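# Observations on chain architecture
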Amino acid sequence: MPRHAESAAPTTEARATAEAPATAEAQGPRGKSKSSSPRQIPVIGVVTEDEDALGALKPMDLNSIIKLLEETAQDDLEEKQLKSVKTLVQYYQNGFPLRDLAQIFKILNLCAGKIENQPPFLEPAYNIIKLCGLPFLKKKGSDEITYAEDTAKSIALLGNLMKIPNSELRVQICKCIVDFYHTEPSKKHITGYQQASSAYKIQMAEVGGLAKTMVQSLALLENQLVEKLWVLKALQHLSTSEVNCTLMMKAYAASGICAHLNDPDPSGQLLFRSSEILWNLLEKSSKEEIIKQLSNLKCLLTLKEVFKYLFTRGFSDYDRQLRNDILVITTIISQNPEAPMVLLIDGKVVLALFTYVKKPEKHKIIEWSAAQYEELQLHALATLSSVAPLLIKEYMLCQGNARILAFLEWCESEECFFSHGNSFHGTGGRGNKFAHLRYTLRLLRAMIYLEDETVNQDLCEKGTIQQLIGIFKYTTSKINDKEEAILLEIQSDILLILSALCENDNSRKEIFGTEGVDIVLHVIKTDPKKFQSGLGYTVLLFSTLDSIWCCILACYPLEDYFLEKEGIFLLLDLLALDQKKFCSLILAIMVEFCDNPKTPVHVNAWRGKKDQTAASLLIKLWRKEERELGVLRDKRGMIIDTRKPLFTSFQVEQKIMPMPANCPTFAVMDVAENIRAKIYAVLGKLDFENLPGLSTEDFVTLCIIHRYLDFKIGEIWNEIYEEMKLENLRPVTTDRRVLQAILTASENVGKMVASLQYDMVEIQARQDVQDEQKVYAKIQATHKQRELANKSWENFLARTSNAKTLKKAKKLQEKAIESTRYGERPANAIFHQTDIKGLNTTVLSGRVVAVESTPARLVGGPLADTDIALKKLPVRGGALQRVKAVKPADDPKTVPT
């Protein structure tokens, strides 16, 4: 929202200073000129021993001054009283100590009470109030806490003194309050004292309720413009605090200030400060209550007159800012259905605003510049968003839908347009038509959310659904870093509008069609890192999930297309991000999608990181949800309490109490407040059977999920039983037996599930032991093989490096060879010599056989040069030929070497 700074209107501020407050600053009370350099007197506790010996001023006895002011019997009493108070003022020229504040303000109050009958007391009261603008002094660091109550009551007295009918005194009180926010710490060091911070004064003003009494003082200043302007300036500073704004709201500041916005004021300060206070009240207190206070005919007529004046006669930037503020405040008030806005129909306001909802006309002489006309367009759209939903009949008579769609078409077109984007509404729309597009869609969304079938049907007949899908594609191609946030907001609004139009109407879902499904899939494929960027991707995703629910589900052709495009895979990818804000909505969509017989195949086929399956993901989410809910489970995930297996920590802490039949109990509310019921529904539609990729821990949890409905029914019956006991109701015998049987059966289910979980854990434990033994056996075999290899290597090294070892090994080898031979040589046996003569190696040699070259008669032939022959063997001559078998010789022969 646009805000004003103190320096927003230097000319008006200067005029105001010259005409009103400056007069009171220059002169003291009763118009006397004040000395610019008063005589300095040492503050309390600064008197030295030498000064004391010379009779210097000792610490002041404030109680004696109070007693003197309370006396009435002496002849020269007034002179003594005035002298004592003037002495006090001189004494505290550097500020009031916190410990003396209660007594000083009692003295101030006594002086103020005498002003009406004894005018000379005005000057000392004026001077004491002036000194209140200086920082308070503290002797110890704890003084701020010790004297907090006295300080708050003292500051609150300033507001009560506004009742004294004296202009100078009232102005000085307001100046003192303004000084709370602007006084700079004194550069002069005061021995033994420190200055309290200005924040302490502001805080004590809040505690004392100063803002409330200052608002009430406005009623006393109907015709005193100077005093009223100073009070508004003080309230402008006080309204920067939420605490003060709440106090002002309780004093009905909004209606009191707004009703006098149009009062005569040559300086222009009244409107400026009043609008600033109204903004602060709307921002820092209950907006609904402030709107309620402003929703009366007197305030609205005042706002109307002020806006009309600024609109027709305002010429400066400052005037345009005020005009915009008044228009937006009026727009905010229109959100209240009880506001008397009937002036709107007779004035044809909707039609007047729609005159700006059209593309700029070329070659037309208008009194507005391009920037001004753009600002008027955006303000008209923003105002229509609040006003048009209250005036549906007038909206339709003005052909509102047709005007909006035509303007949207211009926003989407490539027609050259240079937007200035200078105003609040034009943020992010410089050099393009995105600001116009954003506010037009806001207006369209506001009308559709009325759920008026006449409006919605008219829009659908005019092709709104197809047009919005086209605009979404257009914005997708235009996204860049500079306008990213505004385009994401536009896309979110488009999806929300489409959801509102297509919900519960299959014919409109068919119009949404595959093009609509494609834009939904485009959003779901967004990089997950962008959801943490804060630019609006999270809102866009929520709008997208809502459009899946409203525009795709229950329309089987679109469901099938969504599945074909791997939509379920994308939803499961989002679910795997483990973002709690999305989980509930995604699971709700999954439950509905699983009614389609094609969906379970897609769900079971999905694989996430580390080959995680959908069933495993859902069970993991269940366990996480139960940990957050404080459900009792042991370290293996097994049931602990078989009577209350699903109880959350909240249910344990809350005592069961009798409730009406139409009020949901804790057990029933638990179903809607977490995602366990949705996970149960999804897995139930997957039949709890043949779920891939589950561990033993998953199966243990799956046992609980499988029996979720039985456990929940048992919880509800247990609540019924406990409520009956609290209400001292005794069921008849038959009902009692049935109730007891239900509770027993529910507990038995819990015991059965716990037993099944225990069996699963035990089986897995035994399997783990077996697997562990197999692993150990494999490790042992590996180590043994390694030892044998090492031993073999050591033997090899010994034979190669030690001749004696080699000879010993040779003898063992020969002995082993001899032991394998027959005792007697068989007839016709061929003997092969094992020794190789002339061998000079130090290692055991292997069997060596020398073979002569194959005779040419065996490898020759007509096919010797063919490819087939080349693949078979190295050929010399032709192909292989048949030969007669060679009969071996009878005598053993040695194979030639």
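Criteria and cut-off values
Residues numbered from 1 in each chain as written. Predicted model: local features only at pLDDT ≥ 70, side-chain atom pairs only at ≥ 80, totals over all residues. Heavy atoms only, no water. Helix = DSSP H or I, 4+ residues; strand = E, 2+ residues; numbered from the N terminus. Buried < 20%, exposed > 50% of the residue type's maximum accessible area, 1.4 Å probe, protein only. Contact = heavy atoms within 4.5 Å. Areas by Shrake-Rupley, 256 points an atom, 1.4 Å probe, with all protein chains shown as cover. Phe/Tyr/Trp six-rings, centres within 6.5 Å; stacked < 30°, edge-to-face > 60°. Axes fitted to C-alpha atoms, helices over the stretch in contact; angles between N-to-C directions. Parallel < 35°, antiparallel > 145°, perpendicular 65-115°, else oblique. Left-handed = near helix turned anticlockwise from the far one by under 90°. Nonpolar A, V, L, I, M, F, W, Y, C, P; charged D, E, K, R; others polar. Patch = residues over 30% accessible without salt bridge, like charges linked within 9 Å, V, L, I, M, F, W, Y side chains within 5 Å. Salt bridge = Lys/Arg side-chain N within 4 Å of Asp/Glu carboxyl O. pLDDT = per-residue confidence, 0-100. Polar contact = N/O pair within 3.5 Å; in protein donor to acceptor, adjacent residues only side chain to side chain. Core = buried A, V, L, I, M, F, W, Y, C linked by side-chain atoms within 4.5 Å.

Before going further, it helps to examine the overall build of the protein chain. Tallying secondary structure elements over the protein chain gives 44 helices and 2 strands in all. Each of the 897 residues in the protein chain was classed as buried or not, and the buried ones make up 43%. Look at the contacts in the protein chain between residues 6 or more apart in sequence, and 75% of them connect residues 24 or more apart. Total accessible area on the protein chain stands at roughly 49,700 Å², and carbon and sulfur atoms take up 54% of it.

A separate point is the packing of aromatic side chains. Evaluation of the coordinates by the stated rule reveals 15 aromatic pairs. Residues Tyr356 and Tyr373 carry aromatic rings whose centres are separated by 6.1 Å and whose planes lie at 55° to one another, so their mutual orientation is tilted. With a gap of 17 residues between them, Tyr356 in the loop between α21 (349–354) and α22 (370–387) and Tyr373 in helix α22 connect regions that are remote in the sequence. By relative accessible area, which is 21% here, Tyr356 ends up partly exposed.

Another aspect to go through is the packing of helix α19 (residues 317–333) against α22. Put simply, α19 and α22 touch, their axes get as near as 9 Å, and they point 15° apart. One finds that α19 runs roughly parallel with respect to α22. As α19 runs across α22, the sense of the crossing is right-handed. For the pair formed by α19 and α22, the contact residues are Arg320, Arg323, Asn324, Leu327, Val328 and Thr331 on the first element and Gln372, Glu375, His379, Ala382, Thr383 and Ser386 on the second. Split into classes, the residues belonging to the contact of α19 with α22 amount to 3 nonpolar, 6 polar and 3 charged.

Once that is clear, we can look at a nonpolar patch on the surface. Nonpolar side chains collect at one region of the surface, where Leu709, Ile713, Trp717 and Ile720 lie side by side and expose about 320 Å² of accessible area between them. Examined against the element boundaries, Ile720 turns out to sit in helix α40 (residues 708–726).

Attention shifts here to the packing of helix α6 (residues 101–114) against helix α7 (residues 122–131). Contact geometry for α6 and α7: axes closest at 9 Å, N-to-C directions at 145°. Note on packing geometry: the crossing formed by α6 with α7 is left-handed. Contact with α6, carried on its side by Ile104, Ile107, Leu108 and Cys111, involves Ala125, Ile128 and Ile129 of α7 and no other residues of that element. Tallied by class, the residues present in the contact of α6 with α7 amount to 7 nonpolar, no polar and no charged.

Attention now moves to the pattern of salt bridges. Scanning all chains against the criterion turns up 28 salt bridges. Note that Asp317 and Arg320 form a salt bridge whose closest N and O atoms lie 2.3 Å from each other. Here Asp317 pairs with Arg320, and both are found in helix α19, just 3 residues apart, close to one helical turn. The residue Lys580 makes a salt bridge to Glu628 at a minimum N-O spacing of 3.2 Å. Taken together, the residues span a long stretch of sequence, with Lys580 in helix α33 (residues 580–593) and Glu628 in helix α35 (residues 614–629) at a distance of 48 residues. When its relative accessible area of 49% is taken as the criterion, Lys580 is described as partly exposed. For Glu628, a relative accessible area of 45% gives the class partly exposed.

A residue-level look at the protein chain finds 82% of positions with pLDDT of 70 or above and a mean pLDDT of 82. Scored below 50 in pLDDT, residues 1–58 shows 96 contacts in the model against residues more than four places distant or in partner chains. In this model residues 868–897 is a low-confidence stretch, pLDDT under 50, and it forms 45 contacts with partners more than four residues away in sequence or in other chains.

Tracing the backbone shows Ser616 in helix α35. Classification of Ser616 by relative accessible area gives buried; the value is 13%. Residues Ser616 and Glu697 lie 81 residues apart in sequence; the distance between their C-alpha atoms is 9.9 Å.

Here the focus is the environment of Asn280. Its location among the elements puts Asn280 in helix α16 (residues 269–284). Overall, the relative accessible area of 2% leaves Asn280 in the buried class. Separated by 43 residues in the primary sequence, Asn280 and His237 place their C-alpha atoms 10.0 Å from one another. Looking at Asn280, its side chain comes within polar contact range of the side chain of Ser239, at 2.8 Å.

A word on the nonpolar core. Phe512, Ile548, Leu571 and Leu683 are the most contacted members of the largest nonpolar core, which has 113 residues in total. Examining the composition of this core, we find that 10 residues originate from one element, helix α28 (residues 484–502), more than from any other. In this structure Phe512 touches Ile465, Ile469, Leu498, Cys502, Val517, Val520, Cys551, Ile552 and Leu558, once residues within four positions along its chain are discounted. Of all hydrophobic cores here, the second largest spans 96 residues; its members include Cys132, Leu238, Leu271 and Ile333.

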